[in-house]
Amino acid sequence: MNASALGRKIAAAAVLAVAAGVAGGAGPDAPRAGGTNRLIDSGSPYLLQHARNPVDWYPWGEEALERARRENKPIFLSVGYSSCYWCHVANRTLYSNPEIAALMNRWFVNVKVDREQRPDIDSLYMRATLLMTGSGGWPNNLFLTPDGKPFFGGSYFPPEDDDFGRPGFVTVLAAIHEDWRSRSGEIRARAEQVLAAMRSGEDAQRAQAGPARPGQWLREALRDTAARFDASHGGFRFEGRDSQFPQEPVLEMLVSALSAAPDAKALGRLSATLDAIALGGLHDHVGGGFHRYTVDRTWSVPHFEKMLYNNAQLLKVYARAWRLTRRPLYRLVASDIARYLERRMSAPEGGFYTAEDAEVDGHEGASYLWSEAEIEKVLGAEGARRLLRHYHLVPLPARRAAALAPDEERGALRVRLPLPEGTQAAEVLSRTAALRARLLAVRDSRPQPARDEKMIVGLNGMAIEALAAAGRIIGEPGYVRLARRAAERLWALAYHPGACALSHEIFRGRAQGAAFLDDYALFGAGLVALSDAGEGAVWRERALRLADDMLARFSRPDGSLATTPAERSLVMPPVESGDNPYPAGISAAIALLLRLGAEEEGTRFRKAAARVIASVRTRVEAQPGSWPTLVAAVASAPIGGSLAAAPTVPDTAAQVEVSGRVRAGPEHDEIVVAVRIASGYHVNANPASHDYLIPTEIVLDGLAPSRVAYPVPKLFRPAFARSGIKVYDGEVSIVAKLPKGALRSGRVISGVVSAQACNDEVCLPPAKLPLRVQAGTGVE
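Below: a short report on this structure.

Side note on helix 5 (residues 98–107)
Among all positions in helix 5, only Ile100, Ala101, Leu103, Met104, Asn105 and Trp107 are buried. You can read the cap of helix 5 off the contacts: a side-chain oxygen lies 2.9 Å from the backbone nitrogen of Glu99, and it is on Asn97.

This is the structure we're talking about:
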C-alpha cells in the first residue's frame, strides 16, 4: 500500500471516529503546548524518546487507569526499551505520524512503559502476549480493558497491511475500536478468559509437598542443554528459531557443573559454544564486548544492540572458563569485555550504563559495518591483506541490508573458519590486535549509537560481581578497582539506610524507583564478590544487610518471595518462568541466600533459602532446563536436612597430597617436600611455562630458604598449547635448603604448597595445601 492509500485508510478510520461520536481536535487528548506529552517529565531514556510524539502518552500509573475507567476507553499499552530496534521503527513509522496519533488519542488511553524500568509490568503483559499469540518480542503492544486486563496483543505492527499478511496498525486500531464500541461485553469476557488462563498456569505450578531434588534438577538441566546443542555451529538452539542467543545462565551452569565433576562431552559442548561466540560476529572484534544475539545459526550477523547484562555475564563465564581450561582465548576474551565495559559502559563517577543502540540515524549496524575498501583505506593494502587473511566480512541478509544507506556493500567482521592448520584462536586475536585498534580509532570518529545512560542496580550488581571475580581469577587488580568504584557509587546513591531500602536505578545522578527482588539479590552478590576479592569485610556486611532487607520486603507467608514491590497494584502478581536472559529474581535471591548461608552465622539465610526453594519446587521440576542459575546454585550448596546431599566440588586438594621431612646436610639443613599427584593429573612446573599458569610453589612460615630446588619437569602438549607446557606428575620432591642449624630439634615448621591440578580436559580450582614438619632429635 502506498502513502496515498494509507492516507485513505486513515481518513476512512477518521470517518468511523466521527460516526461513533468521538470528539477530535484540541482538547484533553491533544499533546501539551510546546509539542510534548506527559512523558517529558519522565526519568526514563526510553520514555523521553517518545516525549515529543503527537500521541498523548501516559506513563504507567493511576492517572491513566482512572481516565480509562472514567471514559470507558480501552488502554493501548506499548512496552519497550531504549535500545530496541523495532521500538525505534515503531516510533518513526507509527507514533510520529500525526494522523495515526489522532486515532490513538480519540479511541484509546495510551500508556508507554520502559520494560527495564518496570520489569514487573513487562513480565506480566509479555506472558499475556505469549499466551494469546504464541510468540513475543519488543515492542510488546497490547490492548487492555479499562481495568488493565489484556484482550489483544502483538509486537510491531506496520503502518499498513503488508505482503507478509500482517494487519496494518490503522487496521488494528479501527477494528478494535469498532469491536469495543459494539461488543465491549464480549471483549471484557475475553479479557477475563485471558487472565484466567494466566492464573491457571500459575496455579498449576504451585508448590506441592515433597523434597527438592537438586542433583536430579541439575542432571535434567544438563540433559536439556545436550539435547539442544547445535553440533554444527555451537550454542543451544530452540526448534524453529535460526537466531543464536548466548544464553549466559546456561553457560554459567555448565562451567559450575564442570568445575564440580569433569565431563569430556559437556566440556566439548561448552568449548565449542564459547569458541563460536568469541570468533563470530556476535563479538565486536573492533570495539570489544558482545552484541545481544545473531540473526543466523553461524554466529556471524549480529543484531547490533549491546546490553550490559550480556557483557557482564559473559565476562564472568569466560574468566571462569579460563580457570577451568587454561585456554588463552578465554583469558583474552574476558580482558576484552572488561576493557569494553570500562571504555564504553562506565560512568565517570562510577557505575555502568544499561545499553547501546543497534542503529544510527535509522540504519541498523551503521557504525559497526565495514567494506573491504574502507578497511584498505585505513590499514593500507598490506595491512588489509594481513587482517583479511584472518577475518572476513559477512553481508547482512537482504531485508536487513535494506535498512542501510543505499549503495553500500558492507558486512560484519568475524574470524575466518576453519583456522589455518596449527593456528590457535588466541594467536589470531593477538596478531591482529594492532590492526583492529587502528580500525577502532576510525570507527570512533563515526556517528555513534545512542547509549542508555540509566544505571540499573541489579544489572550493575552483575557487572560488579563479574569484574571482581575476573580480576581475582585472572590477576588484574584494575578490574576489581573498577567494580569497587561502581559499588561505592551505587551504595551512596541507591541505598537508603534509614528506610533499609534500595532504589531500582540511577538516572542523571538521582536514584529513582523502588528496587525489585533481583536488584537486592544481584547487587548483594556483587558486594560478596568484592569481599572475596580482598576489598574488605565491609562489603560482605553490606551484602548481609541487603539480604535481610530483601527478606523483610519480599517474603510472603508461605515462604515464597514476591518479585516486585508493586504486585498488589497489578491485575495479578508477575510469575517468573526461568533464568532468561539473566537470572530470575527468585534464582538470584536463592543463590545469594545460599552463599551467605554457607557461613557459620548464616542459619537464617539457609532456612530462608530452603523455604524459597520449596515454594518453587514444582515450577523448577516441570522445566529444570529453564532454571540454570537456580539449579546450579542449589546443586552446589546443601542446606541442612532440607535438601538431598549435594555433590562435593573436587579441587586440587583431592588430587594432590604433600608431606615433608627434615634432612641434615654437611653444609645446610633441608626440608624435603614430597608431592604426590593422582594418576591422570599433573601440576604446573616452577617456573610455569606461561605467566597465566599457576606454578607449584612452596612457602615456609618464618623461614627464608637460601635456595629451593624444584624437580625436572616433563613436557605436556595439550590442545590449547601445541608448543607444550612444563608439568610434574606422579610423585616428585621439592627441596628447600636452609642454613645449618636452622632446624632445631623439636621445632615445628609450617607452610603451604600452592598448586593446581589439571588433566587432559580441565584444570581444577587451585589450592594452598598445608605443610607441617617437625624436626626430631634424629634428623636424617
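Points about the nonpolar core
In this structure, Tyr318, Ile375 and Leu630 are the most contacted members of the largest nonpolar core, which totals 169 residues. Judged by nonpolar contacts, the second largest core, of 29 residues, contains Val662, Ile671, Ile677 and Ala757.

Quick word on the environment of Glu66
If you trace the backbone, Glu66 turns up in helix 3 (residues 62–71). Judged by relative accessible area, Glu66 falls into the partly exposed class, the value being 33%. Separated by 81 residues in the primary sequence, Glu66 and Asp147 place their C-alpha atoms 8.5 Å from one another. For Glu66, the side chain forms a polar contact with the side chain of Arg70, separated by 2.4 Å.

What to know about the packing of aromatic side chains
Considering all chains together, one arrives at 24 aromatic pairs under this definition. Centre to centre, the rings of Phe76 and Phe143 are 5.1 Å apart; their planes meet at 45 degrees, and the pair counts as tilted. Of the two residues, Phe76 sits in strand 2 (residues 75–80) while Phe143 sits in strand 4 (residues 140–144), which places them 67 residues apart along the sequence. One exposure class covers both Phe76 and Phe143, and it is buried. Ring geometry for Tyr520 versus Phe554: centroids 5.6 Å apart, planes at 70 degrees, classification edge-to-face.

Considering helix 3
Ala64, Leu65, Arg67 and Ala68 are the residues of helix 3 that are buried. The arc enclosing the buried residues of helix 3, seen along the axis, measures out at 160 degrees, which places them on a common side. Opposite the buried face of helix 3, at more than 90 degrees from it, the exposed residues are Glu63 and Arg70. On the buried face of helix 3, the contacting elements are strand 1 (57–59), strand 2, helix 5 and strand 3 (109–114). Taken from the residues just after helix 3, Asn72 is the one with a positive phi, measuring 55 degrees.

With respect to the packing of helix 18 (residues 477–494) against helix 19 (residues 517–532)
Relative orientation of the contacting elements helix 18 and helix 19 amounts to 135 degrees, with a least axis distance of 10 Å. As far as their axial angle goes, helix 19 and helix 18 are oblique. Considering only the axes of helix 18 and helix 19, their crossing is left-handed. Mapping the contact onto sequence places Val480, Ala483, Arg484, Ala487, Leu490 and Trp491 in helix 18 and Phe523, Leu527 and Leu530 in helix 19. Across the contact of helix 18 with helix 19, the residue classes break down as eight nonpolar, no polar and one charged.

Regarding the sheet that holds strand 20 (residues 668–677)
The strand order across the open sheet formed by four strands is 19-20-26-23, and the pairing between neighbours is antiparallel. Both outer strands of the open sheet, strand 19 (656–664) and strand 23 (707–709), are each paired with one neighbouring strand and no more. Averaged over neighbouring strand pairs, the angle between their axes works out to 20 degrees when direction is ignored. Pairing of strand 19 with strand 20 involves nine bridges; the strand directions are antiparallel. Across the sheet, Val656 pairs through a bridge with Ile677, a residue of strand 20.

Describing the side chain of Arg489
Following the sequence through the fold, Arg489 ends up in helix 18. On the accessibility criterion, Arg489 (16% relative accessible area) is buried. Aside from chain neighbours lying at most four places away, what touches Arg489 is Ala347, Glu349, Gly350, Met455 and Gly509.

Analysis parameters
- Along each chain, numbering runs from 1 in the same order as the chain's sequence is written.
- The predicted nature of this model means local features are confined to residues of pLDDT at least 70 and side-chain atom pairs, given and counted, to a pLDDT of 80 or more, with totals for whole chains, interfaces and linings taken over all residues.
- Note that water and hydrogens are dropped before the side-chain values are worked out from all heavy atoms of the structure.
- Classification of residues uses two cut-offs on accessible area relative to the type maximum, computed with a 1.4 Å probe and protein chains only: under 20% is buried, over 50% is exposed, and between them is partly exposed.
- Helix and strand definitions follow DSSP, with helices as H or I runs of at least four residues and strands as E runs of at least two, each counted in order from the N terminus.
- Residues adjacent in sequence count toward polar contacts only when both atoms are side-chain atoms; beyond that, a polar contact is any pair of N or O atoms within 3.5 Å, and within protein one must be able to donate a hydrogen and the other to accept it.
- Only buried Ala, Val, Leu, Ile, Met, Phe, Trp, Tyr and Cys residues count toward a nonpolar core, and they belong to the same one when joined by side-chain atoms within 4.5 Å.
- Here a pair means two rings of Phe, Tyr or Trp (six-membered ring of Trp) with centres within 6.5 Å. Their orientation is stacked below 30 degrees between planes, edge-to-face above 60, and tilted elsewhere.
- Starting at the helix axis, one direction is taken to each C-beta atom, and the arc is that of these directions.
- Whether two residues are in contact is decided by their heavy atoms, any of which lying within 4.5 Å being enough.
- Every axis in this analysis is a line fitted to C-alpha atoms, fitted for helices over the stretch in contact. Angles between the N-to-C directions lie between 0 and 180 degrees.
- The scheme is simple: roughly parallel for angles under 35 degrees, roughly antiparallel for over 145, roughly perpendicular for 65 to 115, oblique for anything else.
- The hand of a helix crossing depends on one turn: near helix anticlockwise from the far one by less than a right angle means left-handed, and clockwise means right-handed.
- Each residue gets one label: Ala, Val, Leu, Ile, Met, Phe, Trp, Tyr, Cys and Pro are nonpolar, Asp, Glu, Lys and Arg are charged, and the others, such as Gly, are polar.
- Any two strands between which DSSP finds at least two bridges are classified as paired.

Read these as geometric descriptors, not functional statements.
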